[in-house]
Amino acid sequence: MTISEIRARFLEFFKEHGHTVVSSSTLVPKDDPTLHFTNAGMNQFKAVFTGVENRDYKRATSVQKCMRVSGKHNDLEEVGKDARHHTFFEMLGNWSFGDYYKKESLAWGYDFLVKDMGLDASRLWYSVYKDDDEAYQIFHDQLHIPAERIVRLGDIEHGDEENFWSMGDVGPCGPCAEIHFDQGDHMACDHPDGCAVGVCDCDRWLELWNHVFMQYDRDKAGTLTPLPMQSVDTGLGLERLAAVLQKVDSNYKTDLFERLIARVARICGREPVGEDRISMQVIADHARAVAFTLADGATPSNSDSGYVIRRILRRALRHGYLLEVEEPFLFQICDEVVDAMGDAYPELSEQRDRILTICRQEEERFLRTLGAGIKIYGEIRSGMQAAGRTEVSGEEAFKLHDTFGFPVDLTAVMAEEDGFTVDTVGFKELMSKQRAQSGKERVFMAGIGAWQPLGDTDQTRSKFTGFDDMEADTAVIAVRAGGEDSDGTLTHLLLAESPFYPEGGGQIGDTGEMTLADGAILPVITTVKSEDGPALVVRGDLHTVRANLGSGSPVTVRVDAARRLPTMRHHTATHLVHAALRRVLGSHVEQAGSEVTPERLRFDFRHDKPMTRDEIARVEDLVNASVLDNQPVLRRENVPLAEAKAAGAMALFGEKYGDSVRMIEIPGGAAVAGAMDQSDGDTYSLELCGGTHCDATGDVGRFRITSEGSVAAGVRRIEAVAGEIATGLDRADRQQLDALGDVLRPDGGPYAEQAAALQAEIADLRKELQRNQQASAQEGLEDTLANPVTVGSVNLVCAEVPAADRGALLQLGDHVRDTLGTAGVVVLGATLDGKGMLLVTLTPDLVDAKTLHAGNLVKDLAAIVGGRGGGRPNTAQAGLPDADAVRKVLAAVPDAVAALVD
């Protein structure tokens, strides 16, 4: 069976057993700060398992796109080296939310593998948690598995969590039952305790299917309490199952990977054997990862998930370099991925152009520096070998990363091939300093604790009331540790009713204040999402904050309206911008990200070239036309997702939505209709959105675009302001024009023309000044030229001269050299913008005779004061620290030349 057939049959099998087929969630989660990428099939069902979300089905099945390349689940370094590790992989899964349990799950697992897929039942082995007698009995008594092929593992009381799964230190957990496939004696290892399930981790015992039974709730003390709703979460690796069914000993020998590897082999003209085979496997794997992440809206960058994608792409290019492919090629393998997997994942076909364009642009960018970087690494290696070092320093690894774009793991791979290691600690310290200096250091939601109920209420979820109110009399129903930021410890509060909007969907979280029963005021510094509703963030440790709150006493909370109102203006303006961009640039424009704050809006969108001034003006005019129309901003709650899509609602690309959604509709008015081919009243903007908005477009106020530029290949960014901030910019511009008018002639024509004329006049005066300076410098050298210093067999002219710029110094040097004619050495020094510059030029006869080499001479001279330089045999230059360094070097020239010509 092919991989495509296995994938389809799995879904059909569980559909026949009453499961709802659920599409894979996006590979790039938007609202889970703990994940760069989706790494398991259950991620999209977290809220269902914890009881926060209800769905209209109790049984689900899916084929989930997964990535394991960062954090705890990181397989990147093993990819291509063995038979089973991947960056991107497909996870087959079935789930029960309080419906069936162990008996059905394990029986269906056996039936699918043995009866449906035709695996040899005698080669299947099973492992269960040591105390899970129920699972053991199902395997042994119901499915008639011999006892010797059922292994009990794990002991959580002694820290061994084998065959025991948990969502975290506290919360849902339970035993696992795993199904393994015996690949045969020929793949056995020589583990000292024997080659067996639960003893070794070799490829003989291939773990196929893990059945997790969420049976308990674990508290901080480690006590296990049975859950009221027992659930099932299973995961079956598609690539592993395909290898077994196709009777090959490696996932990379299955039909899909052989197709990709064959494409790589055709491109490089090599056979897939030996070390070349490993490189081809890495490329095939990485091409899948790149294609799927780009299809789901990610973009290569220097931070977060974008940096992981860039690392993967550049690792693939380095392996292409090992195959002697020195031009863009990975985009072709991504194209093959789309052809092979587009039927199962339509987003690949829909985003083919984006995938190939961004991939090729990234390749071209990196390949420009790859050769130079490898050369620099070669110099580092030679220096290490000469010095007897075995570790690439943190500074050297950072240079390769910062200058040539080499991810540190790529440097580590090259170093390992040469028997070296890399000082990753030193590298990370330098990276941290760079991030701190650039202001890009992010605070992740680490150290978040579990909610602790406050008072005697049974309420466990907060109700959001912030669409209509910015104030509430309510109560704190739970508290939890909120981690730390740069200013100290934080605590999260959960309210019965909360008008505070949590950060999400690009909109910043609300701030405000909480008034306690005793009149004390507790500032709310931001609001973040939690699975139980908006979590208010306050300063202070959990114990102190809880003591101040008392036992669930009433509180009054107020959102900071001075921040919320301009934030709402910018959020509504974001929708207007999106609609305007699609009308001005075309329907290919899609949102790629946004940030909405009280100070401004930032909107990232997919477009492959810079906007012209006219296009920017037209977008700005359309938004302001909608503002003038003062149309209502309509909120439509709980709209079925299918109905919203049918109505043409724009969804955030790569976002995963529930069965019902919130829709924001903005009609077009007379001003918009006049600016474009649209009838008054037609829908102007229709988007899925959970954020806060103005009641009408007129509330947005004046709108101005402040910048437009590139943030990544194929992604542009607009920044803009609205309301009072935009009006303030208008006022500042008016003041600048007034000030300009005080300087220019009122009757001298348009200000731009007057300024251009003044610039042209200044340029002419500068040229005249440079000509005069050049003539003066030449005149000042006439005496020196008439009496050059004889050093051995050459005539030397050595002097400090005035020069307007580098070009003027070169021109002066040419004049002196040509005047000398033969046997001439010219060394001139000048100070440009506070920095010294040294020029060495030789007459042609000295170059032809190889008497001297200008590049070598300038390098030796510059080294006297710690400068650096070099160049051709006839002319060379060097940079020096300052004017004093110039004079010191010039004083040493006669002796340096004498040492070379004597």
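The numbering scheme is per chain: residues are counted from 1 as the chain's sequence reads. With pLDDT at 70 or above as the cut-off, local features in this predicted model cover only qualifying residues; side-chain atom pairs require 80 or more to be listed or tallied, and sums for whole chains, interfaces and linings still use all residues. Values shown for side chains rest on all heavy atoms present in the structure; no hydrogens or waters enter the calculation.

(A) Quick look at the pairing of strand β17 (residues 488–495). When accessible area is computed with a 1.4 Å probe and restricted to protein chains, residues below 20% of their type maximum are described as buried, those above 50% as exposed, and intermediate ones as partly exposed. Under the DSSP-based scheme used, a helix requires at least four consecutive residues in state H or I and a strand at least two consecutive residues in state E, with every element numbered from the N terminus. The element β17 is largely enclosed, with a buried count of six among its eight residues. In the sheet, strand β16 (residues 471–485) pairs with β17 via seven bridges, with the strands oriented antiparallel. If you follow Asp485 over to β17, its bridge partner there is Gly488. The criterion for strand pairing is that DSSP finds at least two bridges linking the strands in question. Taking the residues that link successive antiparallel strands as the turn, the β16-β17 hairpin has two residues. Where β17 meets strand β22 (residues 535–539), five bridges bridge the pair, whose relative direction is antiparallel. Within the sheet, the bridge partner assigned to His492 lies in β22 and is Val537.

(B) Fine view of unusual backbone geometry. You will see that His144, though not glycine, has its phi angle at about 60°, which is positive. Along the chain, His144 turns up in the loop between α4 (133–142) and β7 (150–153). You can call His144 exposed: its relative accessible area is 62%. Non-glycine residue Asn638 carries a positive phi angle of around 55°. Positionally, Asn638 belongs in strand β26 (residues 634–640). Looking at Asn638, the relative accessible area reads 62%, which means it is exposed.

(C) Molecular detail of the environment of Gly449. By secondary structure assignment, the location of Gly449 is in the loop between α14 (424–438) and β14 (452–453). Relative accessible area serves as the criterion here: at 29%, Gly449 is assigned to the partly exposed category. Separated by 58 residues in sequence, Gly449 and Gln507 place their C-alpha atoms 24 Å apart. We call two residues in contact whenever any of their non-hydrogen atoms come within 4.5 Å of each other. The residues touching Gly449, leaving out its near neighbours within four places in the chain, are Arg480 and Ala481.

(D) Spatial organisation of the packing of helix α1 (residues 3–16) against helix α3 (residues 102–116). Where α1 contacts α3, the two axes come as close as 12 Å, and the packing angle between them is 130°. Here α1 is positioned oblique relative to α3, judged by the angle of their axes. Crossing handedness for the pair α1 and α3: right-handed. Where α1 abuts α3, its residues Arg9, Phe10, Phe13 and Phe14 lie against Trp108, Asp111, Phe112 and Asp116. When residues are grouped by polarity, Ala, Val, Leu, Ile, Met, Phe, Trp, Tyr, Cys and Pro land in nonpolar, Asp, Glu, Lys and Arg in charged, and all others, Gly among them, in polar. Of the residues contributing to the contact of α1 with α3, the split by class is five nonpolar, no polar and three charged. Each axis is a line fitted through C-alpha atoms, taken for helices only over the stretch in contact, and angles between the N-to-C directions span 0 to 180 degrees. Any angle that is under 35 degrees is reported as roughly parallel, and any over 145 degrees as roughly antiparallel; angles of 65 to 115 degrees are reported as roughly perpendicular and all others as oblique. Crossings are sorted by hand: turned counterclockwise from the far helix by less than a right angle, the near helix makes the crossing left-handed, and turned clockwise it makes it right-handed.

(E) Structural view of the confidence of the model for the protein. Per-residue confidence from the predictor is given as pLDDT, running between 0 and 100. Averaged over the protein, the pLDDT score is 87; the fraction of residues at 70 or greater is 95%. Across residues 438–446, where pLDDT falls below 50, the model places 14 contacts with residues more than four positions away in sequence or in other chains.

(F) Looking closely at the packing of aromatic side chains. The pairing test for Phe, Tyr and Trp rings, Trp by its six-membered ring, is centres within 6.5 Å, and the orientation test on the planes gives stacked under 30 degrees, edge-to-face over 60, and tilted for anything in between. In this structure the tally under the stated criterion is 23 aromatic pairs. Here the aromatic rings of Phe45 and Phe97 are separated by 5.3 Å at their centres, their planes lie at 50°, and the arrangement is tilted. Of this pair, Phe45 sits in the loop between β1 (20–21) and α2 (46–49) while Phe97 is found in strand β5 (residues 88–97), placing the two residues 52 residues apart along the sequence. The pair Phe45 / Phe97 is uniform in exposure class, with both members buried. Measuring from ring centre to ring centre gives 5.1 Å for Phe292 and Tyr345, while their planes differ by 85°; the resulting arrangement is edge-to-face. With Phe292 in helix α7 (residues 274–295) and Tyr345 in the loop between α9 (330–341) and α10 (346–350), this residue pair connects regions lying 53 residues apart in the sequence. Feature note: the residues Phe10, Phe13, Phe14, Tyr100, Trp108, Phe112 and Trp209 constitute an aromatic cluster, connected by ring pairs. Residue placement shows Arg152 over the ring face of Tyr136; its charged tip is 4.5 Å from the ring centre. A ring is scored as having a charge over it whenever the NZ atom of a lysine or the CZ atom of an arginine sits within 6 Å of its centre and within 35 degrees of its normal. Over the ring of Phe467 we find Arg662; its NZ or CZ atom is 3.6 Å from the centre of that ring.

(G) Representation of the pairing of strand β25 (residues 601–606). Across the six residues of β25, six count as buried, placing the element largely inside the fold. The hairpin turn running from strand β24 (residues 591–596) into β25, its antiparallel successor, is four residues long. Where β25 and strand β30 (residues 715–722) come together, six bridges link them in antiparallel fashion. Within β30, the position partnered with Arg606 by the bridge is Val715.

(H) A look at the pattern of salt bridges. Salt-bridge detection follows one rule: a side-chain nitrogen of Lys or Arg within 4 Å of a carboxyl oxygen of Asp or Glu. Tallying each qualifying case throughout the model produces 54 salt bridges. For Asp133, the salt bridge identified is with Arg152, shortest N-O distance 3.0 Å. Taken as a pair, Asp133 in helix α4 and Arg152 in strand β7 lie far apart in primary sequence, 19 residues in all. Overall, Asp133 belongs to the partly exposed group, its relative accessible area being 40%. Residue Asp733 pairs with Arg704 through a salt bridge whose shortest N-O separation is 2.8 Å.

(I) Layout of the sheet that holds strand β27 (residues 660–667). One open sheet holds the three strands; their spatial order is β26-β27-β28, and the pairing between them is antiparallel. Because the sheet does not close on itself, it has two edges, and the strands there are β26 and β28 (683–688). If you compare each strand with its neighbour and ignore which way they point, the axes differ by 25° on average. Its contacts with the sheet put helix α16 (residues 561–585) on β27 and β28, and the angle it makes with β28 is roughly 115°.

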